[in-house]
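The primary structure of each chain is shown beneath.
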Amino acid sequence: MGPSRRNHSASFLGLEAYSISPYVALAHRPVDSNRQTPGNVSLSSRGPSLPRFPSFIVLMSSKETSPERTSDELWFDDGNVILAAEDKQFKVHRGMLSAHSPFFKDMFSLPQSPDPDKDQGTTVQGCPVVEVQDSAVELQCVLKALYYGISSAYDPNQLISIATATAFLRLGKKYEIRTLFDEACVRLKECYPSKLPSSPLGRMQRHHLAGRDPLDFQLLNIAREVGITTLLPVARYVCSQSASIEQIIDGYTWEGTVYKLDATNQRACIIGRDKRSALANAAFEGLLSPKQERFMSYNPRWSCKSKQCILWYCVTTHPSDPFATWDTEWDSRFCGECAAALKREYEQCRKKAWSLLPSFFCLGTWENVTNGETSF
């Protein structure tokens, strides 16, 4: 953010007019990937937009207070700013936050009042307090990663937990901490293919994410929330085929925790759930259907007169799963050349289904999905 934007922001907030500290209490509403990022949200109809900050700001009264419940490992004696989340406080360093987060760098660069007698906001042990509307657990996870390295947030010999990945993604996007966001983004994208696989469509067997609920409701919700849109078509498809309609609407309980889809994912899964056969029909239209004349157009010799090939072609129907692979039992039904030709056409049909997949789950085209991906 350039200097002109910072001065403009400070003027709009009235920092100079009221001589208040720029270390304000930030109130943040949840990120919605269907809306613009916080950096584009206008604070008020009475003034211009504030580029980086959340949708509204609450200024704290001037007073020195005693620390609330503090974090033992994230309370540094030489710290110069206190982050307060829920009922927990973290005494950390402005320099550390600024080095990793353009958001905090810009916030801390706001001018302070030159008059020491003016209201300077709430302090604890002489440090300004920044109250953030985040989960204390998630904030602690992120701060540990910044101070001690990403591996400190989880056991390097174990898979990263979905809870840790959620913290990295949610706060990584909110505060523009790219290293953490990218780390978690890679882990999530390992869970579902981004290109049509040679095997049936489903969860990837090899990934580095632990603690996933069986239907991946939590993964779907955080992916949509932070804008990892390229994961959504396949994840929604698999979820809609794995979950019952009751689970999609009401949620379900797993290991004592209730999991529910957010409203946007829920709607998309309900709409797409009943469209699998329509997707298969659209993709396999004309192939493996009881029409002898169509068989001739797929035959490499254009004149196969094998009764066996013609018979089997007329009675073999395409699968209800649009991403099912070629059934090896079909090889014995056709001569070698016919089987090879049909396999090629069958794979083209799977590719067609792949191209249509996002539209069946309220995501438009693959180009829309790719262009909608969160980027820094």
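This structure is a prediction, so every number in the text was calculated from the model and none was measured.

Trainee: Quick question: what am I supposed to make of the nonpolar core here?
Mentor: Among soluble globular proteins, nonpolar side chains are generally buried collectively. In terms of nonpolar packing, the biggest core is built from 84 residues, with Val92, Leu169, Leu188 and Leu357 touching the most fellow members. The element contributing the most residues to this core is helix α15 (residues 336-360), with nine residues. Taken together, domain 1 (67-109 + 120-191) and domain 2 (276-361) each give at least three residues to this core, which thus spans both. Excluding residues that lie within four positions of it along the chain, Val92 makes contacts with Leu74, Phe76, Gly79, Asn80, Val81, Leu83, Leu97, Leu143 and Tyr147. Counting six residues, the second largest nonpolar core, distinct from the first, contains Ile82, Ala84, Val124 and Cys127.

Trainee: Would you explain the packing of helix α6 (residues 162-174) against helix α8 (residues 217-226) in this entry?
Mentor: Two quantities define a packed helix pair, namely the angle between the axes and the distance from one axis to the other. The interhelical angle for the contact between α6 and α8, taken along N-to-C directions, is 10°, at an axis separation of 10 Å. Between α6 and α8, the angle is such that the two are roughly parallel. Residue-level contacts link Ile162, Thr166, Leu169, Arg170 and Lys173 of α6 to Gln218, Leu219, Ile222, Glu225 and Val226 of α8. Residue composition of the contact of α6 with α8, grouped by class: five nonpolar, two polar and three charged.

Trainee: Would you explain the pairing of strand β6 (residues 88-92) in this entry?
Mentor: On a regular strand, one side chain projects to one face of the sheet and the next to the other, so that they alternate. Burial analysis of β6 places five of its five residues in the buried class, which makes it a mostly covered element. Here strand β5 (residues 81-85) pairs with β6 via five bridges, running antiparallel. Bridge pairing in β6 links Leu83 to Phe90. Counting the residues between successive antiparallel strands, the hairpin from β5 to β6 contains two residues, one of them, Glu86, with a positive phi of roughly 55°.

Calculation criteria
Residues numbered from 1 in each chain as written. Predicted model: local features only at pLDDT ≥ 70, side-chain atom pairs only at ≥ 80, totals over all residues. Heavy atoms only, no water. Core = buried A, V, L, I, M, F, W, Y, C linked by side-chain atoms within 4.5 Å. Buried < 20%, exposed > 50% of the residue type's maximum accessible area, 1.4 Å probe, protein only. Helix = DSSP H or I, 4+ residues; strand = E, 2+ residues; numbered from the N terminus. Domains from an automatic or database assignment. Contact = heavy atoms within 4.5 Å. Axes fitted to C-alpha atoms, helices over the stretch in contact; angles between N-to-C directions. Parallel < 35°, antiparallel > 145°, perpendicular 65-115°, else oblique. Nonpolar A, V, L, I, M, F, W, Y, C, P; charged D, E, K, R; others polar. Pairing = 2+ DSSP bridges.

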